[in-house]
Amino acid sequence: MRFFNTTGPIIPGDHYCIDPLRRIRIEEVEHLIETMRYFVLHAPRQTGKTTCLLALMRHLNAAGRFRCSYANVEAAQAARGSYEKGIPIIAERIAAGAQRTSGDEWPTQHLPEMIAGATPGSLVVELLSHWSAADARPLVLLLDEVDALVGDTLISLLRQLREGYATRPASFPQSVILCGVRDVRDYR
């Protein structure tokens, strides 16, 4: 029995809904991805952000031109401003998200050796660099709940994304979408 859902991501078979891709101006989003942009999706709680991200991921993966992966990084909020604790959690969430949402096991298989060999200040950039180079298709990364991160954890993540930006798409995600309630561009 289908019903209206107001408590989390929409599951089309279980919930009444409109096509989430119609809500985000998919042509504009595809243009941003094609032109290798990193951008922010922010809106109030319970407005369909995660549902739209998941639909976008399925859409991009079905087309086959990109590898698209989704990760919720909210778990790193518990580290507060300790990037030494927060960044490994973010890397683990990215790896688990790749395996769970797109079936890509490369990050999960290689993360332990990267944690052993990289400092927290370079762990995400190393993971994304090697993962991007592991496949000829450009990587698109969707990071949800980024605004839950605080202090040095958020700053370290943003700086590592900026560090790899110049080497995209061969050695870093072609496009990254940062999603949350607040606009993380305010934290530069």
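Above this note sits the structure.
On a predicted model such as this, the values are computed, not experimentally measured, just so you know.

Visitor: Help me understand helix 2 (residues 26-34), please; the structure alone is not making it clear to me.
Guide: Helical geometry note: an α-helix holds 3.6 residues per turn, so side chains three or four residues apart project in the same direction. For helix 2, the set of buried residues is Ile26, Val29 and Ile33. For helix 2, the arc enclosing every buried residue in end-on projection is 65 degrees, short of the 170-degree limit, so these residues lie on one face. Against helix 1 (20-23), strand 1 (38-42), helix 3 (49-63), strand 3 (139-144) and strand 4 (175-180) lie the buried residues of helix 2. Of the residues trailing helix 2, methionine 36 is marked for its positive phi of about 60 degrees.

Visitor: What's the story with unusual backbone geometry in this structure? I'm lost.
Guide: Excluding glycine, a negative phi dihedral is what most residues carry, and trans is how most peptide bonds are arranged. Residue proline 169 follows arginine 168 across a cis peptide bond; omega there is 0 degrees. Positive phi is not limited to glycine here, since methionine 36 has a value of about 60 degrees. Along the chain, methionine 36 falls in the loop between helix 2 and strand 1. Although it is not a glycine, glutamate 145 adopts a positive phi angle of roughly 60 degrees. Along the chain, glutamate 145 falls in the loop between strand 3 and helix 7 (151-165). Residue class for glutamate 145 comes out buried when judged on its relative accessible area of 14%.

Visitor: Just to check I follow, could you spell out the sheet that holds strand 4 for this structure?
Guide: Adjacent strands of a sheet form backbone hydrogen bonds with each other and so pair up, either parallel or antiparallel. Strand order in the open sheet formed by four strands is 1-4-3-2, and the pairing between neighbours is parallel. With partners counted over all chains shown, the strands left at the sheet margins are strand 1 and strand 2 (67-72), one partner each. Going across the sheet, the axis of each strand differs from the next one's by a mean of 15 degrees, ignoring polarity. Relative to strand 4, strand 3 is paired through four bridges, and the arrangement is parallel. Counted as the bridge partner of leucine 142 is isoleucine 177 from strand 4. Strands in contact with helix 3 are strand 1, strand 2, strand 3 and strand 4; relative to strand 2, the strand with the most contacts, it is inclined by about 155 degrees. Packing against the sheet, helix 7 makes contact with strand 1, strand 3 and strand 4, and its axis sits at approximately 160 degrees to strand 4.

Cut-offs applied
- Residues numbered from 1 in each chain as written.
- Predicted model: local features only at pLDDT ≥ 70, side-chain atom pairs only at ≥ 80, totals over all residues.
- Heavy atoms only, no water.
- Buried < 20%, exposed > 50% of the residue type's maximum accessible area, 1.4 Å probe, protein only.
- Helix = DSSP H or I, 4+ residues; strand = E, 2+ residues; numbered from the N terminus.
- Arc of directions from axis to C-beta.
- Contact = heavy atoms within 4.5 Å.
- Pairing = 2+ DSSP bridges.
- Axes fitted to C-alpha atoms, helices over the stretch in contact; angles between N-to-C directions.

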